[in-house]
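Geometric and topological summary
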Amino acid sequence: MSLRAIGGKLIKHGTTIIKQANRGKVPGKPPTRAICHSVAPLKSSAPVRESEFLQRNKYYVFRNLGIQVTQKARRVLIEDVLNRVGNKTESGVLHKSPRNSFFGNSAPLLSLVGVAAVGQGLLTKDEELEGVCWEIRQSMSKIQWNRMFHPAQNTAENSPMNLEGFTFGKPIAKGANAVVYEVATNIPNNVGGSTEFPLALKMMFNYDIQSNSLAILKAMHRETVPAPVYFNCHGIADYELSFLNMTRHLPPHPNIVKILSVFTDYIPELEKCREMYPAALPKRIDPAGEGRNMSLFILMNRYERNLQEFLDLQDELSLRTSVVLLTQLLEGVAHMVAHNIAHRDLKADNILLDLSDAKTPLAVISDFGCCLAEKSTDLSVSYTTFDIEKGGNTALMAPEIISKKPGPFSKLNYHKSDLWAVGAIGFEIFGLPNPFYGDKTVRLSSMTYSDEDLPSLPQSVPAIFNRLLKNLLRRDPGERLNAEIAANVCQLFLWGPSSWLANASKFPSYGEIVEWLLNLTAKVLCESGRKQGNRHSLTYPEYLLISTFLCRVKLQNIKAALAWIRDDEI
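A brief report on the enclosed structure follows. It should be emphasised that the depicted structure is a prediction, and the values quoted were computed from it without experimental measurement.

1. Quick look at the overall build of the protein
What the protein contains, in helices and strands, is 18 helices and 12 strands. Across the protein, every contact between residues at least 6 apart in sequence was considered, and the portion connecting residues at least 24 apart equals 73%. In the form shown here, the protein has an accessible surface area of approximately 28,400 Å², with 54% of it arising from carbon and sulfur atoms.

2. A closer look at the nonpolar core
Leu307, Leu330, Phe465, Leu468, Trp516 and Leu517 are the most contacted members of the largest nonpolar core, which has 116 residues in total. Taken domain by domain, this core gets at least three of its residues from each of domain 1 (163-188 + 195-302) and domain 2 (306-566). Excluding residues within four positions of it along the chain, Trp516 makes contact with Leu492, Trp495, Gly496, Pro497, Trp500, Phe549 and Ile558. Within the second largest apolar cluster, 20 residues are counted, among which are Leu163, Leu201, Met203 and Ala280.

3. As for the packing of aromatic side chains
One pass over the full model with this rule turns up 13 aromatic pairs. Taking the centre distance of 5.3 Å and the plane angle of 80° together, the rings of Phe436 and Tyr449 count as edge-to-face. With Phe436 in the loop between α13 (417-429) and α14 (463-472) and Tyr449 in the loop between α13 and α14, this residue pair connects regions lying 13 residues apart in the sequence. Judged by relative accessible area, which is 1%, Phe436 ranks as buried. Chaining the aromatic ring pairs together yields one cluster made of Phe166, Phe263 and Phe297.

4. Structural notes on the sheet that holds strand β8 (residues 305-306)
One open sheet accounts for 3 strands, arranged β8-β9-β10; its pairing is antiparallel. Two strands lie at the open edges of the sheet, namely β8 and β10 (362-365), each paired on one side alone. One ladder, built from 2 bridges, connects β8 with strand β9 (residues 351-354); its direction is antiparallel. Pairing of Asn306 across the sheet is with Leu352, part of β9.

5. Regarding the packing of helix α15 (residues 483-495) against helix α18 (residues 555-566)
With their axes 9 Å apart at the nearest point, α15 and α18 run at an angle of 70° to one another. The orientation of α15 relative to α18 falls into the category roughly perpendicular. Crossing of α15 against α18: the hand is right-handed. Between α15 and α18, the contacting residues are Glu484, Ile485, Asn488, Val489 and Leu492 on the first element and Asn557, Ile558, Ala560, Ala561, Leu562, Trp564 and Ile565 on the second. Grouping the amino acids of the contact of α15 with α18 by side-chain chemistry returns 9 nonpolar, 2 polar and 1 charged.

6. Points about the side chain of Ser366
Mapped onto the fold, Ser366 is located in the loop between β10 and β11 (380-382). Ser366 gets classed as buried once you look at its relative accessible area, which sits at 4%. With residues near it in sequence (within four places) discarded, Ser366 still touches Val257, His343, Asn350, Ile351 and Leu352.

7. Brief notes about α15
With 13 residues, α15 should cover 18 Å at 1.5 Å per step; its first-to-last C-alpha distance of 18 Å lies within 8% of that length. In terms of burial, α15 is a largely internal element, 11 of the 13 residues being buried. Looking at the packing, one finds that the buried side of α15 touches α11 (319-338), α13, α14, α16 (510-527), α17 (540-552) and α18. Of the residues that open α15, the one with a side-chain oxygen 3.1 Å from the backbone nitrogen of Glu484 is Asn482.

8. Considering the pattern of salt bridges
As enumerated under the stated definition, the model contains 10 salt bridges in all. Arg552 is the partner of Glu484 in a salt bridge, and the nearest nitrogen-oxygen pair spans 4.0 Å. Of the two residues, Glu484 sits in helix α15 while Arg552 sits in helix α17, which places them 68 residues apart along the sequence. According to the relative accessible area criterion, Arg552 is buried, its value standing at 13%. Here the salt bridges do not stand alone but share partners, grouping Lys202, Glu223 and Asp367 into one network.

9. Comments concerning the packing of α16 against α18
Running from N to C, α16 and α18 point in directions that differ by 105°, and their axes come no closer than 11 Å. With respect to α18, the element α16 is oriented roughly perpendicular. Residue-level contacts link Tyr510, Ile513, Val514, Trp516 and Leu517 of α16 to Leu555, Gln556, Ile558, Lys559 and Leu562 of α18. The class makeup of the residues in the contact of α16 with α18 is 8 nonpolar, 1 polar and 1 charged.

The rules we used
Residues numbered from 1 in each chain as written. Predicted model: local features only at pLDDT ≥ 70, side-chain atom pairs only at ≥ 80, totals over all residues. Heavy atoms only, no water. Helix = DSSP H or I, 4+ residues; strand = E, 2+ residues; numbered from the N terminus. Contact = heavy atoms within 4.5 Å. Areas by Shrake-Rupley, 256 points an atom, 1.4 Å probe, with all protein chains shown as cover. Core = buried A, V, L, I, M, F, W, Y, C linked by side-chain atoms within 4.5 Å. Buried < 20%, exposed > 50% of the residue type's maximum accessible area, 1.4 Å probe, protein only. Domains from an automatic or database assignment. Phe/Tyr/Trp six-rings, centres within 6.5 Å; stacked < 30°, edge-to-face > 60°. Pairing = 2+ DSSP bridges. Axes fitted to C-alpha atoms, helices over the stretch in contact; angles between N-to-C directions. Parallel < 35°, antiparallel > 145°, perpendicular 65-115°, else oblique. Left-handed = near helix turned anticlockwise from the far one by under 90°. Nonpolar A, V, L, I, M, F, W, Y, C, P; charged D, E, K, R; others polar. Expected span 1.5 Å × (residues − 1). Polar contact = N/O pair within 3.5 Å; in protein donor to acceptor, adjacent residues only side chain to side chain. Salt bridge = Lys/Arg side-chain N within 4 Å of Asp/Glu carboxyl O.

By themselves, these figures tell us nothing about what the structure is for.
Laid out in structure tokens, this is it:
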């Protein structure tokens, strides 16, 4: 067997074994949220002999050995690919590629690797091409993790939080269950690097939960699902921490609200509190108040406005902005489904926008107070009585949920319920009223509507999105696309070759898809850090959207999305 074949087999099988053995133990990536509490000093122990050390750490020894072998095999494989490119034209591109990568022409190097690997027979099987896809996913995941958790955030995540550490500004927004204030940290080198108010602090209203940390956390634990860290400022015992392991943790994602910390503290007297939420105040602040003394506080990035406010202020969105917004929502839902979490209260008010980029808003899904995130469930819940909660907003509750009747064998299936809500919100994004809102005589009811009752988008909107929204709103969840393929449809429209979307053109092979993915990877790696130099350059949210796509890309799902796009009868 040749060295090339041995290297290919090592990469194919070795990385899979290491990935499985190292699952849940990736350095620098906490699998669950951190609980900050006091740590007892380590007790001294007798010296450990070398043989005992090896016996105790043999797993790590073999793991490191396997990693080294895999890296060596990968280098051999890549060198073999490059050595196969021998003519002058290809060698010239290789010599020029480092310079071009730094001055705007990012495509040649990785596209050349893709052509060499696919075109000359080194990677000929679909499984081996899927291995290249896995390498792309791993590389982009590391880059995105580092981008979302840069060192400037260590202060907020590692320093104990309480209200004394903040300077409060004006209230930003108020809902039925919480109020949000603009804040700045009093810690040196505060997160955001501004002396103004770069952050937001959400204070939950507490009317009936006793004022201790564990009781509040048990009652409001859903709000903390996207939170990476929880500070127990008022004493929570170690045996009580096991409660947190009952709830799933949603890892960070560009289209999920960025929560920096969660903690409990006593409710303070803040600006306009008596006018905006007098009933939620404790009696020590307002004798007529009905609130308790303590509540839950959530520290997060500050977002300019929600999607509903943004749409109300816009006369008409450009097609590209509308498509990018819809794609971001689908990426957020795909991330939740991948981690067995259902939001169950998606609406325009619960989608926040970062407008720091003037051209393209960055959308994030927020307000997880109604989510389904228990580890004992798998996006389906037994529905034996009417007392079991179905979710939040009934107007945008999927038909398979709102019409389900309780029974001894009845189940609520949330696998595609959030996807249905995104389909309804999509009409608002493309400039039409939400068909499930408005006057009772005009609006559709999710319990009784039929697929033929759904309105169509304007003629100016490409037909692919009219088909997509109607597919997401099918009454039968089995007829809807899944979240990843629906997101792939939008990503292919934005970044894919236009010829792939036409029925008359040849269906792309796996090799052509991998070459396209390598080009996208090169574009993100080489261009996303530069300033926008011309009107054709992409915005930061768009680069983030591409990298999000590359972090989860699979050849089978891309091919399924292309098949759906090209089949007008689906």
